[in-house]
Structures are given as C-alpha cells and as structure tokens.
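Listed below, chain by chain, are the residues.
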Amino acid sequence: MNTSSLAVTAPAPASAARTGGRVAVVAPFSSGRHYQAEFVHRGWECIAVSPATAALPPLYRGGIAPVGYQGVVTHDGDLEATAQALRALRVTAVVAGTEIGVPLTEQLAARLDLPGNDPATSHLRRDKGAMAAALARAGLDGPRSLSTDRLQDALSWAQSLPDVRDFVLKPADSAGSDGVAFCAGLGDIETAWKKLHQVPNAMGGSNDHLVLQERLRGSQYVVNSVSVADLRGGARHTVTECWADRRTPDGHLYDRLDLLSRNRMVPRVLADYTVRALDALGVANGPAHSEVMYVPGRGPVLIETGARPEGFYDPHSMREATGSDHIRDAVHAVVTGKPRRLAADRPRATVSKVSLIAPYDGVLDPLFVERLLNLPTVRGHVGVLEPGGRIQRTVDLLTSPGRLTLAAEDPREIDHDHAVIRAMETSGLYRSGPR
C-alpha cells in the first residue's frame, strides 16, 4: 500500500513532535552533514557513525567535523559492536547521510528495532541491475538491463536486442554518474568494459559486476521524496521536489536542474510513478532521491533511486528560496512520523541549480570567482570555490568544481546568469597550470 502527497501541509504542531530524541547519522558526508544542524534545531541530539578511515572512499576521508555531535562511533565491520555502542548512547533513530551509509543504516535500524528499510532487500536500493529487475516484477516500466561479471554475457545480451542501438554501461553500486559510459555498439561496450571492470569506484566498492542497460531517450527529471512506514505494513510517501534535469549535449555531464511547479501535469505523473517505484524497491522509511526519464511513447522510466537525501546542494539557499529542502523534509518525517512537504506550493522565486564544468585541470582565477559568486541570481553554492584553488577536468558530478543555486522572480534572469557562467568557464574562470 502506498499514498502520495501533493497537497501543501503546514509543519506539525510542536506537541505532535517527538522531542528529545537522539539520532545516529551514518556516513554524514555530502549533504548528509547538514542533518546535524537541522536535528538540533528540532530539539534532537546527533551521533555520527562512520566506517573506519581505511574503509572510506578517498572522496570522504577526513570529512567529519565532530563539532556539534554528541559522539562519533567508528564502525570497524562488527555490526553488533556498533549496535551496542548506539544502544548505550540511547539512539532513537538512524538515518543515512550518503550512499555509502545506506546498507549499514538499514542493518543498524533492524538491530536496534528502529524504523528503517528491510536490510534483506538493501541490494534493491543499491544495485542498479537489481533495481530494474524489481521494477519488472512489480509491473513497472524500467530500463532493460543485465547485471554481469562477464564481458561475453554483456555482448551476447546486447546482440539479443536488435531494436536497441545505444547502451549505457555503469557500475552496479556507485553514484554521481561515476563510471557511466554511453556505448554505440559492441565495440564501445568492450572498450568501456575493459576500463571499468574490477576498477575501484567512487563509493569505495569494486566494479566486479557491471550493469548494461538500454540507453533511454527522453526528458530527464529528479524526484525527491520522504517516506514513513505505516502501522499496516505499507508506506506513506510524499514527493517533495521535482526538477527538470538538463545535461550537456552528449548526455553525460550535469548542466542545470530547474525546479518545477508541482501543480503541473508532468510532476503529477512523475509523482504517481515514483511512489509505486519506491514500493517496488522496498523504500518504506526515509528520504529517496530518484532519477526518472520520461520516454515518449512509454512514459516515466526509473533510471535509479538512492535511499538517502539528494547530494551536492546548498540547503540554506534552497530554504531561502522555497521554504524547505530535502534534508529539512527528511528530518521533519523522523521527528513527527509524518512525511510532509514543507516548502511553499508556489515558491517565491524560480530556482535552478547549475553545475560547474571544467574543461581541463587548472586553478580558479580569483577575479572570476568573485564575479561568479556575485552574479545577481546566485544565492549559494557547494564545492570549494576558493580563489587559486586547484580543480580537475569535470568528467562526472563528483569532479565538478561546484554547484550554484540560482533564484529569481523572473526566469529570464536565471537564463541570463546561466549563460554568463558558461561564458566565464571558457574565458578565464579556470586557468590552466602545472599540477
């Protein structure tokens, strides 16, 4: 059973909230680091849970600032020891801060008898091949996919689909478009396979299995949601945001995300599909970040879902422009037990998120950085946009120098500043230099 919420609801009264709780944030990296301040704002205390440094992908090493946490628990692989530490700290909720924390979050919640998704089905929320298979079992449209550790199986499967010309090869369990390769035929699949197979991915795993999928063509969207399990064994889902996802012409790099009014038809269709997909993937509790393609003649098709908050965005500028963000909505669901969308139905401004794209390794020009951050519509940013800071060529979201949040009453102002940003990137923002 599922329900989707599209109506505006006000925050629950203080008397309805569980005050004085203590939450464990597992892998509080990326946007997950913002959980701490929001839970404290709601009267809760926070414990950070992190894998040992050696087990962390390089992207997240040294990423926890312990200030503000009541304690930091290091998970060394012993699940029961970590659960006992959290029992001793009287933890009353467990949430995943980022993708690498999803399986451990679910295991700990089950051990502590706290709300969470079933750890027996964690693979449905991490393995992209398993996701597609789960959608098919539920009668939902998903990309035709094969998960395999053998190149010959991938080539044979591709040959068995004469109506498919283009494919996508990707790691089974990474994120941020890491390792995604677009393939036009068997030769491209073989070349990409040899580059990706058994290579460490950005989330700390090894690409032992790769997922080969048909390449979908259509309009891409991001759908954020929060969920809470109900007393009847089902889940209540609320779609909190829907973004039009514009990529570069080759389809590989993130360009900009444009927030859509949820009163429009497309967000409503996407919301209906997404809540059914969440049920199919066993998402009954917590935030989810879904990428959906609307394919002409087919309708919505899920690309993938992450059972954690959206990454790589600035929550403060989102709250200024709309009244809420994915982290705030997720915290509200934990504190009140009610999944709700807290943002205004009609935001005060048009909102876009623009990802920076560096064409080569270099350094950030101080004058251009100042001009960039002072553009009229720029409200905030993520990424280390320090003057003189080194940057690397952008090949995926994880290697983008940063992402800017733009807001304005007139969408033409955002379009103007978006064009200015792209012009700056080709005229001096990134100075080439020796590494």
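Scroll up a little and you will see the structure.
Residues numbered from 1 in each chain as written. Predicted model: local features only at pLDDT ≥ 70, side-chain atom pairs only at ≥ 80, totals over all residues. Heavy atoms only, no water.

Participant: Help me understand the pattern of salt bridges, please; the structure alone is not making it clear to me.
Facilitator: Pairs can form between side chains of opposite charge whenever their charged atoms are close. Here the structure, examined in full by the defined rule, presents 28 salt bridges. Note that E80 and R111 form a salt bridge whose closest N and O atoms lie 2.5 Å from each other. Of this pair, E80 sits in helix α2 (residues 79-88) while R111 sits in helix α3 (residues 102-111), and the two are 31 residues apart along the sequence. Put simply, D141, R144, D163, E214 and R298 are held in one network by salt bridges that share partners. (Salt bridge = Lys/Arg side-chain N within 4 Å of Asp/Glu carboxyl O. Helix = DSSP H or I, 4+ residues; strand = E, 2+ residues; numbered from the N terminus.)

Participant: Please explain the side chain of E99 as it appears in this structure.
Facilitator: Here E99 is to be found in the loop between β5 (93-96) and α3. For E99, the side chain forms a polar contact with the side chain of R308, separated by 2.6 Å. (Polar contact = N/O pair within 3.5 Å; in protein donor to acceptor, adjacent residues only side chain to side chain.)

Participant: When you look at the sheet that holds strand β4 (residues 71-75) in this model, what are you seeing that I'm missing?
Facilitator: Backbone hydrogen bonds hold the strands of a sheet together, and the pairing may be parallel or antiparallel. The four strands lie next to each other as β4-β3-β2-β5, forming an open sheet whose pairing is parallel. The open sheet has two edge strands with one neighbour each: β4 and β5. On average, adjacent strands in this sheet sit at an angle of 25 degrees to one another, irrespective of strand direction. In this sheet, β4 lies alongside strand β3 (residues 45-51) in parallel orientation, the contact comprising five bridges. Bridged to I47 within β4 is G71. (Pairing = 2+ DSSP bridges. Axes fitted to C-alpha atoms, helices over the stretch in contact; angles between N-to-C directions.)

Participant: Teacher, can you tell me more about helix α10 (residues 366-373) here?
Facilitator: Residues spaced three or four apart along an α-helix face the same direction, because each turn holds 3.6 residues. Those residues of α10 lying buried are F368, V369 and L372. The buried residues of α10 occupy an angular sector of 105 degrees when the element is viewed end-on, so they sit on one face. Opposite its buried face, α10 presents the exposed residues L367 and E370, each directed more than 90 degrees away. (Buried < 20%, exposed > 50% of the residue type's maximum accessible area, 1.4 Å probe, protein only. Arc of directions from axis to C-beta.)

Participant: I tried to follow helix α11 (residues 411-427) on my own but got confused; where do I start?
Facilitator: When the terminal C-alpha atoms of α11 are compared, their 25 Å separation across 17 residues agrees well with the 24 Å that a helix rising 1.5 Å per residue should span. Listing the buried residues of α11 in full gives I414, D417, H418, I421, R422, M424 and E425. Taken end-on, α11 shows its buried residues confined to a sector of 155 degrees, consistent with a single buried face. Exposed and facing more than 90 degrees away from the buried side of α11 are R412, H416 and T426. On the buried face of α11, the contacting elements are β11 (235-247), β12 (254-259), β15 (350-355), α10, β19 (403-408) and β20 (430-431). Downstream of α11 by one or two residues, G428 has phi in the positive range, about 145 degrees. (Expected span 1.5 Å × (residues − 1). Contact = heavy atoms within 4.5 Å.)

Don't take any of this as a statement about function, it's just geometry.
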